Amino acid sequence: MSVTLHTTHGDLKVEIFCETVPKTAENFLALCASGAYNDTPFHRLIPTFMIQGGDISLGPAASSSHRSILPFDGIPKGGTSIYHPMALNQEIQIPILRHNSRGILSMASRPVKDRTAPGLQNSTGATANGSQFFITLAPQPHLDGESTVFGKVLNLTAADEGGDVLAKLENAKAKVEKKGRVTQPKGDEERAGEWEALRLKSVTIHANPFAK
């Protein structure tokens, strides 16, 4: 299974590892299909490390007029999984899936402090996943065993169809503050070319990872 992430800087073709991490893949694909990821920001960028997005609480899906697209009412701050209020537990598969290259998709987890809290119920580990994910910009072996790898970007060179979109995102003229936090530009700032927005505009789901 694959998806195309349509970003402000081009299309990322991504293979999803459905058989190896089925719950994580189901969550990601369901959020894609529902439109929950549409028009959400990439809110963290650390060059040579990763770019992070997927906070569905920052997109249109969080507004009252869009909440019916998800199987629950209300999106908590930071986003959540389709299993809300239950937890989406880690599905770490080492050595099969590792953060061993550029373009790896992995879940951005949060610590489990209260196993009765919405989104963390029935959690089995020290961390749990929601809707947020990141894409590595270089190998990150220190994350092996910490985060669930669930996909990889297929177009990583200028010769690939669509070009090296990940490089365009990494090198964008984005307003990046401390700890990699991205401040999205206001309309006049973007129009003037002062700063560039980093957003996931929409997602197309494919059955074949090499489909156009």
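All values reported here derive from a predicted model rather than from experimental measurement. (Residues numbered from 1 in each chain as written. Predicted model: local features only at pLDDT ≥ 70, side-chain atom pairs only at ≥ 80, totals over all residues. Heavy atoms only, no water.)

Caption draft 1: Quick peek at the sheet that holds strand E6 (residues 88-89). On the basis of which strands lie adjacent, the open sheet formed by three strands has the order E6-E9-E8 and antiparallel pairing. Each of the sheet's edge strands pairs with one partner strand only, and the pair in question is E6 and strand E8 (110-111). With two bridges joining them, E8 and strand E9 (residues 127-129) adopt antiparallel strand pairing. The residue bridging proline 111 from the neighbouring strand is threonine 127, located in E9. (Pairing = 2+ DSSP bridges. Helix = DSSP H or I, 4+ residues; strand = E, 2+ residues; numbered from the N terminus.)

Caption draft 2: Highlighting unusual backbone geometry. At the junction of histidine 84 and proline 85, the peptide bond is cis and its omega measures out at 10 degrees in the coordinates. Tracing the sequence through the fold places proline 85 in the loop between strand E5 (50-53) and E6. Residue isoleucine 94 is joined to proline 95 through a cis peptide bond whose omega torsion reads 10 degrees. Turning to its location among the elements, proline 95 is positioned in the loop between E6 and strand E7 (104-107). The backbone of threonine 48 shows a phi angle near 70 degrees, a positive value even though the residue is not glycine. Here threonine 48 lies in the loop between strand E4 (44-46) and E5. The phi dihedral of asparagine 122 falls on the positive side, at around 70 degrees, and the residue is not glycine. Within the secondary structure, asparagine 122 sits in the loop between E8 and E9. What makes asparagine 122 exposed here is its relative accessible area of 57%. (Buried < 20%, exposed > 50% of the residue type's maximum accessible area, 1.4 Å probe, protein only.)

Caption draft 3: Structural view of the environment of alanine 128. When you line up the elements, alanine 128 lands in strand E9. If sequence neighbours within four positions are ignored, alanine 128 has contacts with Ala87, Leu88, Ser109, Arg110, Val112 and Leu120. (Contact = heavy atoms within 4.5 Å.)

Caption draft 4: Examining the pairing of E7 more closely. Neither face of E7 is exposed, since Ile104 and Ser106 on one face and Leu105 and Met107 on the opposite face are all buried. Note: E7 against strand E11 (residues 149-153), three bridges, orientation antiparallel. From the neighbouring strand, serine 106 faces E11, where its bridge partner is valine 149. Here E7 runs beside strand E10 (residues 133-136); their pairing, made up of three bridges, is antiparallel. Each residue of the ladder has a partner; that of serine 106, found in E10, is phenylalanine 134.

Caption draft 5: Focus on the nonpolar core. Grouped together as the largest cluster of nonpolar side chains are 45 residues, with contacts concentrated most on Leu12, Phe28, Tyr37, Ile51, Phe133 and Leu198. Only strand E1 (2-7), strand E2 (10-16), helix H1 (22-34), E7, E10, E11, helix H2 (165-170) and strand E14 (199-206) provide two or more residues apiece to this core. Among all residues touching phenylalanine 133, those that are not within four sequence positions of it are Phe28, Tyr37, Phe42, Ile51, Gln52, Gly53, Gly54, Ser106, Met107, Ala108, Phe150 and Leu200. If you look at the next biggest cluster of nonpolar residues, it comprises five residues, including Val112, Ala117, Leu120 and Ala128. (Core = buried A, V, L, I, M, F, W, Y, C linked by side-chain atoms within 4.5 Å.)

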